[in-house]
Amino acid sequence: MSERYRTEASNRDGGVGVSVVADGMSVPVASPLNPDRDPAASNPEQLLALAWATCLNATARVFVADDVRTAVRVEVALHDADPGPGLEFHVDAYLSVEGADAAEAERVLAAAHARCPVSKLLAGAATVAVHAEPYAA
């Protein structure tokens, strides 16, 4: 199996400071649980949602005609871990396909979810789910 792409990110500040991508962007970060956080800073929850929404939608586009739009939204919630200790993410992805009935949207979702690298990473987690929903412009 040959490597197709590699990147690297690092963080030296923990939940408050900056995360950086090697030879790329620098992202201010702040814990969403800190009431005094910088509202312009991002957090792991947002970055996970962004990564999965982008990857799943790009993958879904492979399974629809060029003139059909798809949309993905991902919700990430932070919960107390059950059982503890610590915290855990609860993640839901919602995919919609313009003009598709429920069965077609489910077909595209299943195919994209099976192929998307982020979906594969999250596969099997009890707190992760995918859903098809009607397309909203």
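The structure displayed is predicted, hence computed values, not measured ones. Position numbers for residues count from 1 along each chain, tracking the sequence in the order it is written. For a predicted model such as this one, the threshold for reporting local features is a pLDDT of at least 70, and the threshold for listing and counting side-chain atom pairs is 80 or more; totals across whole chains, interfaces and linings nevertheless cover every residue. Values reported for side chains reflect all heavy atoms of the structure, with hydrogen atoms and water molecules removed beforehand.

## A look at the environment of T70
Numbering of helices and strands starts at the N terminus; helices are DSSP runs of H or I of at least 4 residues and strands are runs of E of at least 2. Positionally, T70 belongs in strand 4 (residues 70-80). Between the alpha carbons of T70 and L95 there is a distance of 7.2 Å; along the sequence they are 25 residues apart. We define a polar contact as two N or O atoms separated by no more than 3.5 Å, with the added condition that, inside protein, one atom must be a possible hydrogen donor and the other a possible acceptor, whereas residues neighbouring each other in sequence contribute only through side-chain atom pairs. A polar atom in the side chain of T70 sits 2.5 Å from the side chain of N57.

## Focus: the packing of helix 1 (residues 44-60) against helix 2 (residues 102-115)
As a rule, the C-alpha atoms of each element are fitted with a line to give its axis, helices using only the stretch in contact, and angles between N-to-C directions run from 0 to 180 degrees. Where helix 1 contacts helix 2, the axes come no closer than 8 Å and their chain directions differ by 120 degrees. Along this stretch, helix 1 crosses helix 2, giving a crossing that reads as right-handed. Residues W52, L56, T59 and A60 of helix 1 pack against V108, L109, A112, H113 and R115 of helix 2. Of the residues that constitute the contact of helix 1 with helix 2, the class distribution is six nonpolar, two polar and one charged. Note on convention: near helix rotated counterclockwise from far helix by under a right angle means a left-handed crossing. Clockwise means right-handed. Contact criterion: two residues are considered in contact whenever any of their non-hydrogen atoms come within 4.5 Å of each other. Think of it as three bins: nonpolar holds Ala, Val, Leu, Ile, Met, Phe, Trp, Tyr, Cys and Pro, charged holds Asp, Glu, Lys and Arg, and polar takes everything else, Gly as well.

## Description of a nonpolar patch on the surface
Patch construction takes residues with relative accessible area above 30% that form no salt bridge. Like charges are linked within 9 Å, and nonpolar side chains (Val, Leu, Ile, Met, Phe, Trp, Tyr) are linked within 5 Å. Residue-level accessible areas treat just the shown protein chains as cover; the underlying method is Shrake-Rupley with a 1.4 Å probe. For this analysis, a salt bridge means a side-chain nitrogen from Lys or Arg found within 4 Å of a carboxyl oxygen belonging to Asp or Glu. On the surface, L33, L78 and L87 cluster together into a nonpolar patch covering about 280 Å² of accessible area. Inspection of the secondary structure puts L33 in the loop between strand 3 (26-30) and helix 1. Working definition: with a 1.4 Å probe on protein chains only, accessible area under 20% of the residue-type maximum means buried, over 50% means exposed, and in between means partly exposed. A residue is classified by how much of its surface remains accessible, and L33, at 58% relative accessible area, is exposed.

## Digging into the pairing of strand 5 (residues 87-97)
Summarising the sheet, strand 4 and strand 5 pair through eleven bridges and their orientation is antiparallel. Looking at strand 5, one finds that D80 is bridged to L87. Any two strands between which DSSP finds at least two bridges are classified as paired.

## A few points about the sheet that holds strand 3
The sheet built from three strands is open, its strands ordered 1-2-3 with antiparallel pairing. The open sheet is flanked by strand 1 (9-11) and strand 3, the only strands paired with a single partner. With direction set aside, neighbouring strand axes in the sheet form an average angle of 25 degrees. Two elements, strand 2 (residues 16-21) and strand 3, share five bridges in a ladder whose sense is antiparallel. Its bridge partner lying in strand 3, V18 is registered against P28.

## Here's the deal with helix 1
Multiplying 1.5 Å by the helix residue count minus one yields the expected span of that helix. Look at helix 1: 24 Å from first C-alpha to last across 17 residues, which is about the 24 Å you get at 1.5 Å a residue. Contacts made by the buried residues of helix 1 are with strand 4, strand 5, helix 2, helix 3 (117-122) and strand 6 (128-132). The backbone nitrogen of E45 lies 3.1 Å from a side-chain oxygen of the residue at the head of helix 1, namely N43.

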